[in-house]
Amino acid sequence: MLTRRCFVAVALLAGISPALAETAAPADPAAILTAIYTRAAKGKGDGGAAFVIENKAAKAKYLSKALVALWAKADAHTPKGDVGPVDFDPVTNSQEPDVKSFKVDAEKMEADKAIVAVTITGHRNDRKPADLIVRYDFVREAGSWRIDDIRGSSDGEAWSIRKMLTDSLKS
């Protein structure tokens with residue numbers, strides 16, 4: 001059985017300084033992910049990108065309204081003292097973030113939705129090739145792009161943030 005603790009997402013910021021990333025809103029999904037993974041790759045690449053989901057304001061900045069609402073519902077459903085339904089960094093797809101470099105590829109771009117893949121190269125080489133790709137589903141809301149789901153695999157098993165949150169409400 002695949003556990004959430006096996007996942008650690010590592011890849012969001014790509015080429016903007018943290019100060020600029022906080023003020024500038026990139027215009028398209030690829031630019032958003034490039035900025036996120038650039039920040040995640042700074043230094044030894046072990047800082048991760050949990051800043052995207054660290055609080056309500058961050059979630060509102062990066063995530064769709066529907067995903068923010070689902071996440072809040074799942075968090076409210078989590079017993080006090082327990083770890084929430086997402087206990088890893090979905091951006092880096094790892095418990096121990098490791099981003100040396102990354103490649104952003106817009107796989108599908110439409111007027112109101114997009115799918116962008118990020119391929120992560122780490123300092124370590126201990127992960128399966130499929131586990132190094134994280135896909136982002138974007139939606140356009142009020143003229144801005146927002147992440148509506150993050151998908152990847154861990155040890156070859158597929159995962160989705162939206163599915164994890166939805167499944168947590170069933171228990």
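This is a predicted model, so every value here is computed, not measured. Just so you know, the residues in each chain are numbered from 1, in the order the chain's sequence is written. Thresholds applied to this predicted model are a pLDDT of at least 70 for local features of residues and 80 or more for the giving and counting of side-chain atom pairs; totals over whole chains, interfaces and linings are not thresholded and use all residues. The basis for every side-chain value is the complete set of non-hydrogen atoms in the structure, without hydrogens or water.

**Re helix H5 (residues 161–168)**
Let me state the cut-off plainly: Under the scheme applied here, a residue whose accessible area is under 20% of the maximum for its type counts as buried, over 50% as exposed, and between as partly exposed, the area being computed with a 1.4 Å probe on protein chains only. The way it works is that DSSP assigns letters per residue, a run of H or I at least four long becomes a helix, a run of E at least two long becomes a strand, and they are numbered from the N terminus. Working note: the arc is built from the helix axis to C-beta atom directions. Polar contact is defined as a pair of N or O atoms within 3.5 Å, subject to the rule that within protein one atom must be able to donate a hydrogen and the other to accept it, and that residues adjacent in sequence are counted only when both atoms are side-chain atoms.
The complete set of buried residues in H5 reads Ile161, Met164, Leu165 and Ser168. One side of H5 carries all its buried residues, which in axial view fall inside an arc of 95 degrees. Measuring from the backbone nitrogen of Arg162 back to the side-chain oxygen at the start of H5 gives 3.3 Å, which picks out Ser160 as the cap.

**Digging into the sheet that holds strand S6 (residues 144–154)**
What counts, and what does not: By this definition, two strands are paired if DSSP reports at least two bridges between them. Lines fitted to C-alpha atoms define the axes, with helix axes restricted to the stretch in contact, and inter-axis angles between N-to-C directions lie between 0 and 180 degrees.
Spatially, S3-S4-S5-S6-S7 is the arrangement adopted by the five strands of the open sheet, whose pairing is antiparallel. The open sheet has two edge strands, strand S3 (101–109) and strand S7 (157–160), and neither has a second partner. Strand-to-strand twist across the sheet, computed as the mean angle between neighbouring axes with direction ignored, equals 25 degrees. Of the strand pairs in this sheet, strand S4 (residues 113–121) and strand S5 (residues 133–141) are connected by seven bridges, and their pairing is antiparallel. Among the inter-strand pairings, Val118 is bridged to a residue of S5, identified as Val134.

**Some remarks on the pairing of S5**
Note that S5 and S6 share seven bridges and pair antiparallel. The partner of Phe138 across the bridge, within S6, is Ile147. Where S5 folds back onto S6 in an antiparallel hairpin, the turn is made up of two residues, including Ala142, whose phi is positive at roughly 50 degrees.

**A few points about the packing of aromatic side chains**
To keep it simple, the criterion reads: Two aromatic rings from Phe, Tyr or Trp, using only the six-membered ring of Trp, form a pair when their centres are within 6.5 Å; if the ring planes differ by under 30 degrees the pair is stacked, by over 60 it is edge-to-face, and anything between is tilted.
Scanning the entire structure with this criterion turns up three aromatic pairs. Residues Tyr37 and Tyr136 carry aromatic rings whose centres are separated by 6.3 Å and whose planes lie at 80 degrees to one another, so their mutual orientation is edge-to-face. On the criterion of sequence distance, the pair formed by Tyr37 in helix H2 (residues 29–41) and Tyr136 in strand S5 is long-range, its members being 99 residues apart. Tyr136 shares its class with Tyr37; the two are buried. On the numbers, 6.1 Å between centres and 70 degrees between planes, the contact of Phe51 with Tyr62 is edge-to-face. One end of the pair, Phe51, is in the loop between H2 and helix H3 (56–62); the other, Tyr62, is in helix H3, with 11 residues separating them in the sequence.

**Topic: the nonpolar core**
Generally speaking, nonpolar side chains in soluble globular proteins are found buried as a group. Definition in use: Among buried residues, the Ala, Val, Leu, Ile, Met, Phe, Trp, Tyr and Cys ones that are joined through side-chain atoms within 4.5 Å form a nonpolar core.
Counting 32 residues, the largest nonpolar core has Leu33, Ile36, Tyr136, Phe138, Ile161 and Leu165 as its most contacted members. Put simply, the parts of the chain that give this core at least two residues each are H2, helix H4 (65–77), S4, S5, S6 and H5. The leading source of residues in this core is H2, at six residues.

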